[in-house]
Amino acid sequence: MPVQSTRELIVEEADALFYESGFEATSFADIAAAVGISRGNFYHHFKTKDDILDAVIARRIERTRAMLDAWQTAGEGPRERILSFIHMLIANRTLIMDFGCPVGTLCSELAKLDHAAQGRATEVLGLFRDWLTEQMRALGASDRAEMLALHLLAWSQGVAVMATAFKDEAFIRNEVAGIEHWLASLPDLTQST
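Rules used in this analysis
- Residues numbered from 1 in each chain as written.
- Predicted model: local features only at pLDDT ≥ 70, side-chain atom pairs only at ≥ 80, totals over all residues.
- Heavy atoms only, no water.
- Helix = DSSP H or I, 4+ residues; strand = E, 2+ residues; numbered from the N terminus.
- Contact = heavy atoms within 4.5 Å.
- Lys, Arg positive; Asp, Glu negative; His and termini not counted.
- Charge placed at Lys NZ, Arg CZ, Asp CG, Glu CD.
- Salt bridge = Lys/Arg side-chain N within 4 Å of Asp/Glu carboxyl O.
- Buried < 20%, exposed > 50% of the residue type's maximum accessible area, 1.4 Å probe, protein only.
- UniProt positions renumbered as here; feature names shortened; annotations may be inferred.
- Axes fitted to C-alpha atoms, helices over the stretch in contact; angles between N-to-C directions.
- Parallel < 35°, antiparallel > 145°, perpendicular 65-115°, else oblique.
- Left-handed = near helix turned anticlockwise from the far one by under 90°.

Per an unreviewed UniProt entry, the protein goes by the name TetR family transcriptional regulator and belongs to Sinorhizobium americanum.

Right, here's the structure in full:
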């Protein structure tokens, strides 16, 4: 495995800090300390916090695309691929209970700040929406595919918000079971369109 460059390490640490502490609350000094470099060396790589944010968003987009591509090739069919998305709530439950969804929390924070990068951050949600729409079409829900994809995306974001608020793993598991049941009922819904 190749050694990470200082720039890549800065982006990785900034990504974690933006997730755990929030973009606005994270300072250059926080990121430099997490990386273990001086602020002078830090400024060699990034001039502004917005430059770091752009790099973090680009990293998240790249990683999301890679994850969706992996699900696309690994899943036997659209239902199994959608289950990969749903099961992220279980796989990441500890982080979600502590900090929420990394995508949803960043989009919400940037919207509150009326930050210019908010639209770019929302591209990650758009990747999920578009991918889920493709899966729903593959299930036969052609004219309702995007509506069903957005419903599932909103449901998962709601689960993340409630899990963060109540720190309740049983809630996450119950909601995932509910989503699985809903997904199993989709063939009946798609035949009625």
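Now that the structure is up, let's keep going.
**Q** Can you walk me through the overall build of the protein in this structure?
**A** A tally of regular secondary structure across the protein gives 11 helices and 0 strands. In the protein, the order of α-helices and β-strands from amino to carboxyl end is α-α-α-α-α-α-α-α-α-α-α. Expressed as lengths along the three principal axes of its C-alpha atoms, the size of the protein is roughly 60 × 35 × 35 Å. The contacts of the protein with a sequence gap of at least 6 include a subset with a gap of at least 24, amounting to 69%. For the protein, the distance from the average site of its 18 positive side-chain charges to the average site of its 27 negative ones is 2 Å.

**Q** Looking at this model, I keep getting lost on the pattern of salt bridges. Mind explaining?
**A** For side chains bearing opposite charge, pairing can occur when the charged atoms are close. Counted under the stated rule, the structure contains 7 salt bridges. In this structure, the salt-bridge partner of Asp15 is Arg60, at a minimum N-O distance of 2.7 Å. Of this pair, Asp15 sits in helix α1 (residues 6-21) while Arg60 is found in helix α4 (residues 49-74), placing the two residues 45 residues apart along the sequence. Both residues of the pair, Asp15 and Arg60, belong to the buried class. Note that Glu123 is salt-bridged to Arg120, the shortest N-O span being 3.0 Å. Within this pair, Glu123 and its partner Arg120 are both found in helix α9 (residues 118-138), separated by 3 residues, close to a single helical turn. Residue class for Glu123 comes out partly exposed when judged on its relative accessible area of 35%. Of the residues examined, Arg120 reaches a relative accessible area of 35% and is grouped as partly exposed.

**Q** I keep staring at the UniProt feature "DNA-binding region" (unreviewed entry) in the protein and nothing clicks. Help me out?
**A** If you check UniProt for "DNA-binding region" (unreviewed entry), the listed places come out as residues 27-46 in our numbering. In residues 27-46, the share of helix is 75% and the share of strand is 0%. The end C-alpha atoms are 13 Å apart.

**Q** Would you mind going over the UniProt feature "domain: HTH tetR-type" (unreviewed entry) in the protein with me for this structure?
**A** Look at the UniProt record and you will see "domain: HTH tetR-type" (unreviewed entry) annotated at residues 4-64. Helix makes up 77% of residues 4-64 and strand 0%, whereas the separation of the span's terminal C-alpha atoms amounts to 20 Å.

**Q** Got a minute to help me understand the packing of α1 against helix α2 (residues 28-35) in this structure?
**A** When two helices pack together, their arrangement is given by the angle between the helix axes and by the axis-to-axis distance. Two numbers describe how α1 lies on α2: the axes approach to 9 Å, and their chain directions differ by 120 degrees. Taken together, the axes of α1 and α2 lie oblique to each other. Here α1 and α2 pass one another in a crossing that is right-handed. Mapping the contact onto sequence places Leu9, Ile10, Glu13, Ala14, Leu17 and Phe18 in α1 and Asp30, Ile31, Ala34 and Val35 in α2.

**Q** Explain the side chain of Arg81 here, please?
**A** Of note, Arg81 is situated in helix α5 (residues 78-86). Glu80 provides the closest opposite charge to the buried, unpaired Arg81, separated from it by 6.4 Å. Setting aside residues no more than four positions away along its own chain, Arg81 makes contact with Trp71, Gln72, Gly75, Glu76, Trp131 and Gln135.

**Q** Sorry if this is basic, but what is going on with unusual backbone geometry here?
**A** In most cases, non-glycine residues show a negative phi, while peptide bonds are predominantly trans. A positive phi is found at Asp114, a non-glycine position, where the angle reads about 50 degrees. In this structure, Asp114 sits in the loop between α8 (102-112) and α9. We note that Lys167 has phi near 50 degrees; this positive angle belongs to a residue other than glycine. Within the element layout of this structure, Lys167 appears in the loop between α10 (145-166) and α11 (169-191). With a relative accessible area of 46%, Lys167 lands in the partly exposed category.

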